Amino acid sequence: MSLPPPAARPRRAPLALRVAAHEDLGGGLRWLTLAAPDVAAAAEPGQFAHVRCGGGLGPDGALGTRRAYSLADADPDRGTVSLLYRVWGRGSVWLSQRRPGEVLDVLAPLGTPFRLDPHRTPVFVAGGTGVAPFIFLARRARQKGLRPLAFVGARTAAELAGGEFLAAAGAEVAVATDDGTAGFAGTVVDLVVRALEETAAAGGLAGPSPALYACGPHAMMAALAAACAAHGWPLQVSLETPMACGIGICLSCTVPGPRGPGFYRRCCVEGPVFDAREVAWE
Ligand SMILES: Cc1cc2nc3c(=O)[nH]c(=O)nc-3n(C[C@H](O)[C@H](O)[C@H](O)COP(=O)(O)OP(=O)(O)OC[C@H]3O[C@@H](n4cnc5c(N)ncnc54)[C@H](O)[C@@H]3O)c2cc1C
């Protein structure tokens with residue numbers, strides 16, 4: 001097995017990171033900013049933080065285990081990194097109760113980053129809190145002179161997350177909802193495929209050809225992977241497979257590859273970002 005690139009090699013010593021700010025965005029979403037100068041300086045878009053949620057093991061082992069959160073932003077000048085998360089189960093409820101000044105036990109930055117292609121227009125496709133890594137990636141793309149497009153989907157308008165952060169980071173944003181309560185009525189995959197097909201028919205993007213990047217529910221990414229294979233569009237995906245250790249030891253987050261039985265990759269170390277062709281989608 002080849003080693004991941006140097007920037008992606010995990011720092012295995014847990015860090016004690018102070019909560020600098022913690023904002024309730026409404027709709028069950030929160031924006032958590034941690035004071036972490038070393039992480040902010042080293043982090044790449046697509047990498048994640050593994051946050052210990054709770055002070056000890058609960059009866060079902062849920063408390064005290066870590067939860068993975070994509071780095072939604074990193075500001076080396078301020079020495080901060082931020083996470084965008086939905087308050088859902090035991091770990092994220094515990095996290096939502098942390099106040100500025102409290103210290104969290106965090107492993108970061110972990111995992112492999114997205115690879116931006118300088119010769120293609122970045123096209124982000126996000127479902128739910130899958131927008132998180134694209135806020136950081138949009139900022140990085142703009143720093144490299146690229147003009148990212150972002151397509152964000154949800155079941156209904158109330159569940160749309162993070163579009164305003166993407167726009168503030170420099171992406172042009174379009175939204176889709178399954179029930180038509182905001183933006184395009186249909187899935188975000190239908191929207192992005194239609195938009196790129198129409199643009200191609202009209203003579204192509206104003207800039208170079210597209211490179212797609214996706215994060216969201218498995219069904220969304222499977223449908224997008226099929227569409228990208230059919231159109232010849234390159235696609236990188238960030239997988240949110242539940243994981244325990246986050247550093248490649250426990251093998252709880254392995255995902256099957258396309259080469260048949262026995263070929264598995266660890267989401268925490270070889271991922272979470274994969275070329276879509278490296279993943280078995282069925
Ligand atoms: C690499 C990586 C990056 C991630 N990045 C983010 C991120 O940026 N933001 C973020 O919010 N989460 C992210 N996650 C998911 C996160 O790690 C947790 O799984 C999530 O916060 C749920 O933890 P919990 O303790 O609230 O729920 P748990 O008690 O652990 O889960 C309870 C059950 O609810 C399900 N569940 C949890 N959340 C949801 C949901 N939103 N919708 C539907 N079912 C759900 C779980 O699958 C589980 O079966 C990421 C996961 C990975 C592996």
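Quick look at the structure, then. (Residues numbered from 1 in each chain as written. Predicted model: local features only at pLDDT ≥ 70, side-chain atom pairs only at ≥ 80, totals over all residues.)

### Quick look at the overall build of the chain
So, point 1. Across its full length, the chain holds 6 helices and 16 strands.
So, point 2. In the chain, which comprises 282 residues, the proportion classed as buried is 44%.
So, point 3. For the chain, long-range pairs separated by at least 24 residues make up 63% of all intrachain contacts whose partners lie at least 6 apart in sequence. (Helix = DSSP H or I, 4+ residues; strand = E, 2+ residues; numbered from the N terminus. Buried ≥ 20, exposed ≤ 12 C-beta atoms within 10 Å, placed from the backbone. Contact = placed C-beta atoms within 7 Å.)

### Structural notes on helix H3 (residues 132-143)
So, point 1. Counting buried residues in H3 gives 10 out of 12 residues, a clear majority hidden from the surface.
So, point 2. Of the positions making up H3, those classed as buried are Ala-132, Pro-133, Phe-134, Ile-135, Phe-136, Leu-137, Ala-138, Arg-139, Arg-140 and Ala-141.

### A closer look at the sheet that holds strand S3 (residues 48-52)
So, point 1. An order of S4-S3-S7-S1-S2-S6-S5 is seen for the 7 strands of this open sheet, with the pairing classed as antiparallel. In the strand order of this sheet, the two ends are held by strand S4 (66-70) and strand S5 (73-75), each with one partner. Shown here is a sheet whose adjacent strand axes are inclined to one another by a mean of 35 degrees, direction ignored.
So, point 2. With 3 bridges joining them, S3 and strand S7 (residues 103-110) adopt antiparallel strand pairing. Counted as the bridge partner of Val-51 is Val-106 from S7.
So, point 3. With respect to the sheet, H3 is in contact with S4, S5 and strand S6 (80-86), its orientation differing from that of S5 by roughly 45 degrees. (Pairing = 2+ DSSP bridges. Axes fitted to C-alpha atoms, helices over the stretch in contact; angles between N-to-C directions.)

### Thoughts on the environment of Arg-120
So, point 1. Tracing the backbone through its elements, the reader meets Arg-120 in the loop between S7 and strand S8 (121-127).
So, point 2. Overall, Arg-120 belongs to the partly exposed group, with 17 C-beta atoms counted inside 10 Å.
So, point 3. On a C-alpha basis, the gap between Arg-120 and Ala-211 in space is 5.7 Å, while along the polypeptide they are 91 residues apart.

### Side note on the sheet that holds S8
So, point 1. Within the open sheet, the 7 strands sit side by side as S11-S10-S9-S8-S12-S13-S16. Their pairing is mixed. Because the sheet does not close on itself, it has two edges, and the strands there are strand S11 (184-185) and strand S16 (273-275).
So, point 2. Bridge count between S8 and strand S9 (residues 149-154): 5 bridges; the pairing is parallel. Note on S9: the bridge partner recorded for Val-123 is Leu-149.
So, point 3. Here helix H6 (residues 218-231) sits on the sheet and contacts S8, S9, strand S12 (210-215) and strand S13 (235-238); the angle it forms with S13, its principal contact strand, is near 170 degrees.

### Observations regarding the site of the ligand
So, point 1. Taken together, 21 residues are adjacent to the ligand, and Tyr-85, Gly-89, Gly-91, Ser-92 and Ala-132 come closest.
So, point 2. Elements with a contribution of two residues or more to the shell around the ligand: S4, S6 and helix H2 (90-96).
So, point 3. Sort the elements by how many residues they give to the shell around the ligand and S4 lands first, with 4 residues.
So, point 4. Taken together, the residues of the shell around the ligand sort by class into 11 nonpolar, 6 polar and 4 charged. (Near = placed C-beta within 6 Å. Nonpolar A, V, L, I, M, F, W, Y, C, P; charged D, E, K, R; others polar.)

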